[in-house]
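A closer look at the structure
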Amino acid sequence: VFESSIVALVLIDKQGIIRSFNKAAVRLFDYAPEEVLGRNVNVLMPEPYRSQHDGYLKSYLTTGTAKVIGSLREVLALKKSGSEFPIELSVSEVRFGDEIFFLGTVEDITERKHMEKALLESHDRLEMRVAKRTQELRSINEDLKNFAYIVSHDLRSPLVNLKGFSAELSFCLTEIQSVFERVWVHLDAPTRLRLADIADRINLKGRRAGSLGFYQHLCQPDGQHDQRGLEVVPVWPERDEPATCKC
């Protein structure tokens, strides 16, 4: 089972000397079994793990306090060529009679680390793009605020002027109505007819313009005129043809 395992297995004694080295370990570290059997297991470790390993082992055998044994760790290992690579290491204690051994299970996690690195880089790039886009949106939002302020100001100014003009126009129409009321009773029939026609024409043009109003005089039937003068009526007549006086 030890030799046929697809996971790299390294068996060491309590002095840290390699006693067994299976085929998967041979493939992983590129050492032949005879090149490592009888040597300290720290030959498979880069610094600082190499210098620390024997101290961890002695501390465990003396105090029983485990720092590495019984846990799963990610560390660096060393191939025969001297190149380092990441591994996931699990160490467990094994007893054969009175003898104490330690079995190390080693898994190469190089591909996993490459994927993690790629994911981190992708995440960093995404964060940079999000930050850049957020800044662009803030800039656009500020431009929209400025545009809204300018438009509001530019529209409000003519509306204020138009309001003032409308007030003046209303005052003028009131004055005109007052004058008409005073002079109407003194006008002869032809003059009243012409004024009624003018009022109709102005009223028609005002309706086509769509917004302003005007006052028109309505002649009374049977040649009787309203002695109160000019009657105030809406600008919107029910007919488009000029008014006719029935005086």
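Residues numbered from 1 in each chain as written. Predicted model: local features only at pLDDT ≥ 70, side-chain atom pairs only at ≥ 80, totals over all residues. Heavy atoms only, no water.

**Quick notes on the overall build of the protein**
Helices and strands together make up the secondary structure of the protein, namely five helices and five strands. Expressed as a percentage of the 247 residues in the protein, the buried residues total 28%. Contacts in the protein between residues far apart in sequence, at least 24 positions, make up 42% of those at least 6 positions apart. Accessible surface, the protein: about 17100 Å² in total, of which carbon and sulfur atoms supply 58%. (Helix = DSSP H or I, 4+ residues; strand = E, 2+ residues; numbered from the N terminus. Buried < 20%, exposed > 50% of the residue type's maximum accessible area, 1.4 Å probe, protein only. Contact = heavy atoms within 4.5 Å. Areas by Shrake-Rupley, 256 points an atom, 1.4 Å probe, with all protein chains shown as cover.)

**A word on the side chain of N42**
Structurally, the position occupied by N42 is in the loop between α2 (33–36) and α3 (49–63). Under the relative-accessibility criterion, N42 is labelled buried at 16%. Once residues within four sequence positions are removed from consideration, N42 is found in contact with R50 and D54.

**Describing α3**
Taking 1.5 Å per residue, 15 residues should reach 21 Å; α3 reaches 20 Å between its end C-alpha atoms and fits that length. If you check which residues of α3 are buried, you get H53, L57 and Y60. An end-on view of α3 places all buried positions within 70° of arc, on one side of the element. Away from its buried face, by an angle of more than 90 degrees, α3 presents the exposed residues S51, K58, T62 and T63. Of the surrounding elements, those touching the buried residues of α3 are β1 (8–13), β4 (84–96) and β5 (99–108). Looking one or two residues past α3, G64 carries a phi angle of roughly 80°, positive in sign. (Expected span 1.5 Å × (residues − 1). Arc of directions from axis to C-beta.)

**A short note on the confidence of the model for the protein**
Confidence in the prediction of the protein, expressed as mean pLDDT, is 78, and 78% of residues score 70 or more. No element of the protein has a lower mean pLDDT than helix α5 (residues 189–209), at 68, and none a higher one than strand β2 (residues 18–21), at 96. Taken as a whole, residues 209–247 scores under 50 in pLDDT and shows 65 contacts with residues more than four places along the chain or in a different chain. (pLDDT = per-residue confidence, 0-100.)

**A look at the sheet that holds strand β3 (residues 72–78)**
Judged by pairing direction, the sheet is antiparallel, and its five strands sit side by side in the order β2-β1-β5-β4-β3 without closing on themselves. One side of each edge strand has no neighbouring strand; the edge strands of this open sheet are β2 and β3. Across the sheet, the axes of successive neighbouring strands diverge by a mean angle of 35°, strand direction being ignored. With six bridges connecting them, β1 and β5 associate as antiparallel partners. Of the residues in β5, the one forming a bridge with V10 is G104. Each of β1, β3, β4 and β5 is contacted by α3, which is oriented at about 140° to β5, the strand it contacts most. (Pairing = 2+ DSSP bridges. Axes fitted to C-alpha atoms, helices over the stretch in contact; angles between N-to-C directions.)

**Some words on the packing of aromatic side chains**
In this structure the tally under the stated criterion is four aromatic pairs. For the ring pair F96 and F101, a centre distance of 5.5 Å and an interplane angle of 70° mean the geometry is edge-to-face. Linked through ring pairs, F21, F29 and F85 together constitute an aromatic cluster. (Phe/Tyr/Trp six-rings, centres within 6.5 Å; stacked < 30°, edge-to-face > 60°.)

**Observations concerning the nonpolar core**
V10, I18, F21, F29, L44 and F102 are the most contacted members of the largest nonpolar core, which totals 28 residues. Elements with a contribution of two residues or more to this core: β1, β2, α1 (23–29), α3, β3, β4 and β5. Residues within four places of F29 in sequence aside, it is in contact with F21, L44, A77, L78, K79, K80, F85 and V106. (Core = buried A, V, L, I, M, F, W, Y, C linked by side-chain atoms within 4.5 Å.)

**Here's the deal with the pairing of β3**
Both β3 and β4 contribute to a ladder of seven bridges, which runs antiparallel. Residue pairing across strands places L72 opposite S90, the latter belonging to β4. Turn length for the β3-β4 hairpin, with the two strands adjacent in sequence and antiparallel, is five residues, and the turn residue G82 shows positive phi of about 95°.

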